[in-house]
Amino acid sequence: LCISGVELLLQAMMVQLPRFNSAMGCTPLSKPQWAACLLLGATELPVHLLLSCIPLSLVPSFSLGSRPPPSDDELGDEEERLLAPSAEIELELAPIPPKP
């Protein structure tokens, strides 16, 4: 909460104070503009609260190319094959350039 307060203060300074806003290329906001910004930013709190109340079992999975995890009955040789190291997989690492 303290960090958010400091962030809010610094952002307000960058927008409103002449020395800071000229350095950042900003113009000061009017009171209606500040109210709109605060209202828009504050909507995240109730939206997050509502979304966190939805059980994960009701949320569909949107991952591409994946299949559901196998049941315990389906495991066995398939699990060993998937967990065994494969010679087909090769990692190519790019060299790290020297520091100047």
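Cut-offs used in this document
- Residues numbered from 1 in each chain as written.
- Predicted model: local features only at pLDDT ≥ 70, side-chain atom pairs only at ≥ 80, totals over all residues.
- Heavy atoms only, no water.
- Helix = DSSP H or I, 4+ residues; strand = E, 2+ residues; numbered from the N terminus.
- Buried < 20%, exposed > 50% of the residue type's maximum accessible area, 1.4 Å probe, protein only.
- Contact = heavy atoms within 4.5 Å.
- pLDDT = per-residue confidence, 0-100.
- 1 Å grid on protein atoms, 1.4 Å probe; cavity = no way out; pocket = protein on both sides within 12 Å on 5 of 7 lines; lining within 4 Å.
- Points joined across faces, edges and corners; volume = space filled by probe spheres on them.
- Nonpolar A, V, L, I, M, F, W, Y, C, P; charged D, E, K, R; others polar.
- Axes fitted to C-alpha atoms, helices over the stretch in contact; angles between N-to-C directions.
- Parallel < 35°, antiparallel > 145°, perpendicular 65-115°, else oblique.

1. Quick look at the overall build of the chain
- The number of helices and strands found in the chain is five helices and zero strands.
- Seen in sequence order, the chain has helices and strands lined up from the N terminus as α-α-α-α-α.
- Counting across all 100 residues of the chain, residues that qualify as buried make up 2%.

2. Digging into the side chain of Asn 21
- Examined against the element boundaries, Asn 21 turns out to sit in helix H2 (residues 18–24).
- On the basis of relative accessible area, Asn 21 is assigned to the buried category, the value being 7%.
- Asn 21 has contacts with Met 14, Val 15, Gln 16, Cys 26, Thr 27 and Pro 28, leaving out every residue within four places of it along the chain.

3. What to know about the confidence of the model for the chain
- Overall, the predicted model of the chain reaches an average pLDDT of 77, with 66% of residues at or above 70.
- For the chain, helix H5 (residues 77–83) is the element with the lowest average pLDDT, namely 59, and helix H3 (residues 31–42) is the one with the highest, namely 91.

4. Describing the layout of surface pockets
- By volume, the largest pocket amounts to about 320 Å³.
- Every residue lining the largest pocket is listed: Glu 7, Leu 8, Gln 11, Ala 12, Trp 34, Cys 37, Leu 38, Gly 41, Ala 42 and Leu 45.
- Those elements that provide at least two residues to the lining of the largest pocket are helix H1 (2–16) and H3.
- Per-element tally for the lining of the largest pocket: the top contributor is H3, with five residues.
- In the lining of the largest pocket, the residues fall into seven nonpolar, two polar and one charged.

5. A closer look at the packing of H3 against helix H4 (residues 44–52)
- Orientation of H3 relative to H4, taken along the N-to-C sense of each, is 10°, at an axis distance of 5 Å. With respect to their mutual orientation, H3 and H4 come out roughly parallel. Between H3 and H4, the contacting residues are Leu 40, Gly 41 and Ala 42 on the first element and Glu 44, Leu 45 and Pro 46 on the second.

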